[in-house]
Amino acid sequence: MAKIPFQTLLSALALLTSTRAWAGEVPVADVPGLVGAIQAAKPGDTIVLAPGIYEVHQSKIACEAAGTADAPIVVRAAELGTVTIRFDAIEGFHVRGPHWEFANLDIEGICAADSDCEHAFHVTGAAESTWLHHNRMHGFNAMIKGNGEPIGPGDSFVWPDDVVIEYNELYNPAPRDTGNPVTPIDVVGGQRWVLRGNFIHDHAKGGGDNVSYAAFLKGHSKDGLIERNLVVCELMHSGQVRLGLSLGGGGTGPDSICEDGACKPEHERGVLRNNLIVNCPADVGIYVNAGADSKIVNNTLYNTSGIDMRFAQTTGLVANNLLNGKIRDRDGGTSMKMNNLEEVALADFGAWFVDPAAYDFTLKDGAAIVDLGLALAEVPDDYCGNDRNDGKHDIGAIEYDGDGCVGGVPVESGGGSGGTSTGGDESGGSETGVGSTGGAGTSGETGSSPTSGATSSPTSGETDGPTSGGESGGGLTTGTGGSSGSAGDTGATGDGSGCACRGGSSTGGAGALLGLLLLGLGRSRRR
């Protein structure tokens, strides 16, 4: 082994020592400790909350510090279910700096009036690469809100990009008694946001127009990816008008709060793939409002009115989707429809799958869907993260190729071999569920970077009228086509100010490097 100069080793050790002084684990056990640790946060800090209930009575907790890609700032519990943070405020964590990560937290809004608890996380401005994973959020109107802030040159807007939101559970135990927008993931502007593997349910708006969405990307956001989510509009309660996933939501305005100074198109190059959307009987499961070059592929929609591609800016591909509702081009929207199986009777769903209403898609009879899909480059895997590699793709979100995916609550895949909470096999098995009502999956491990994300911008008011209506089509669809519906769209206006926190991969390697240096020092001295 080559001899390492003693002075070089001492310098390296001094550098490592100084690094450990500003980056490391920061244990906290009460609200003042949590607030103080976040205010003093430095790149590489991991703020670990001791088990317990943290009740916060202040306007928000501001996350202003800047982490880095190699040294994010992490706020986490050791395990989901051990830490509950309760907020009695408009917003909880306001994330405004880059590279923050939040994991394994149960966050509850406890405001006396529903209009007073808006966001568990507000991600704004410079909060690029925020990573929110394996959390549970409830008691808010828009648990996760993303938007721009006028913090650029000449007060120009800046939006957080590359945000990843995955394997969280978001729900409300009762319809929200508010006229404010109700959408668990409400993103206005930004690029490359990823919404993956989330369990979103019971997102009802009990006041105003009674219209709500599970999640949307709008405000001229770009290159968003919405995949492998489970949306159950009606699980704990029913009623109102609850839509599933959307590019464009109810629209955005004024143009000044949207990317490129223009809100149309509402989204560009968005991909919705491998999602399960069930029990949204009052409206569509997927709604594209002014979404240019959209790809709506390999989704399964049960007990919804279908998929709407709406308004002149909407273009794209709708392929390999399985649904009981209709696929409609409305009000000037155009799409290429290929190999969809639509207007399937609910009774047929019941004959093909064990219990689709309870999102158990264990296969009973696959003659209509197995090996009948188109092979699409945009869909390399399925709802469970299993590769679609048997040479013949299936229609819908699940690939029945022997890898064991049968639906259920999303669980983080292990890379090529995915998983769900069902615990069954493709030919049978029962669903076990996870989390408070089914849960958000297993507790998340921090420290490894998420895959690519996208951005958010402001949307303080969004109202979209019911979209149902229009004419029917039937069976497998090929080519292009469309029909116009009759329902109105109000087009929301809104402005927003921002908040920003950020997540990413944890730092590491300093201890190992220190050990190697010490080993080298020992060997040098022995010589």
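These figures come from a predicted structure and were not determined experimentally. (Residues numbered from 1 in each chain as written. Predicted model: local features only at pLDDT ≥ 70, side-chain atom pairs only at ≥ 80, totals over all residues. Heavy atoms only, no water.)

## Comments concerning the environment of Pro 160
Within the secondary structure, Pro 160 sits in the loop between β13 (144-147) and β14 (164-166). Note: C-alpha distance between Pro 160 and Glu 149 (eleven residues apart in sequence) is 9.1 Å. (Helix = DSSP H or I, 4+ residues; strand = E, 2+ residues; numbered from the N terminus.)

## Section: the environment of Gln 313
Relative to the helices and strands, Gln 313 resides in the loop between β31 (306-310) and β32 (316-319). The spacing of Gln 313 and Thr 334 is 21 residues in sequence and 8.4 Å in space, taken between C-alpha atoms.

## Considerations on empty space enclosed by the protein
One way to see where empty space is left: roll a probe the size of a water molecule over the atoms. Evaluated as defined, the whole model comprises one cavity of 30 Å³ or more. If you add up the space inside the largest cavity, you get close to 40 Å³. Lining of the largest cavity is provided by Thr 300, Leu 322, Phe 353, Phe 361, Ile 369, Ile 395, Gly 396, Ala 397, Ile 398 and Tyr 400. Within the lining of the largest cavity, the residues separate by chemical class into eight nonpolar, two polar and no charged. (1 Å grid on protein atoms, 1.4 Å probe; cavity = no way out; pocket = protein on both sides within 12 Å on 5 of 7 lines; lining within 4 Å. Points joined across faces, edges and corners; volume = space filled by probe spheres on them. Nonpolar A, V, L, I, M, F, W, Y, C, P; charged D, E, K, R; others polar.)

## A short note on the sheet that holds strand β24 (residues 267-268)
Here three strands make up an open sheet; going across it, the order is β20-β24-β28 and the pairing parallel. The outermost strands of the open sheet, each flanked by one partner alone, are β20 (221-222) and β28 (291-292). By the bridge criterion, two bridges tie β20 to β24 in an arrangement that is parallel. For Lys 222, the partnering residue across the bridge sits in β24 and is Glu 268. (Pairing = 2+ DSSP bridges.)

## Focus: the packing of aromatic side chains
Under the defined criterion, the tally for this structure stands at 14 aromatic pairs. Pairwise contacts between aromatic rings join Tyr 302, Phe 349, Trp 352, Phe 353, Phe 361 and Tyr 400 into one cluster. (Phe/Tyr/Trp six-rings, centres within 6.5 Å; stacked < 30°, edge-to-face > 60°.)

## Overview of the sheet that holds strand β4 (residues 61-63)
The ten strands are arranged β4-β7-β10-β13-β16-β19-β23-β27-β31-β34 in an open sheet whose pairing can be described as parallel. The strands lining the two open edges of the sheet, one partner per strand, are β4 and β34 (326-330). Going from strand to strand, the sheet's axes swing by 20 degrees on average, the running direction of each strand aside. Note: β4 against strand β7 (residues 91-95), three bridges, orientation parallel. Each bridged residue has a counterpart across the sheet, and for Cys 63 the counterpart in β7 is Val 95. Helix-sheet contacts for helix α2 (residues 31-39) involve β4 and β7, and the interaxial angle to β4 is about 25 degrees. (Axes fitted to C-alpha atoms, helices over the stretch in contact; angles between N-to-C directions. Contact = heavy atoms within 4.5 Å.)

So yeah, pure geometry; function would need other evidence.
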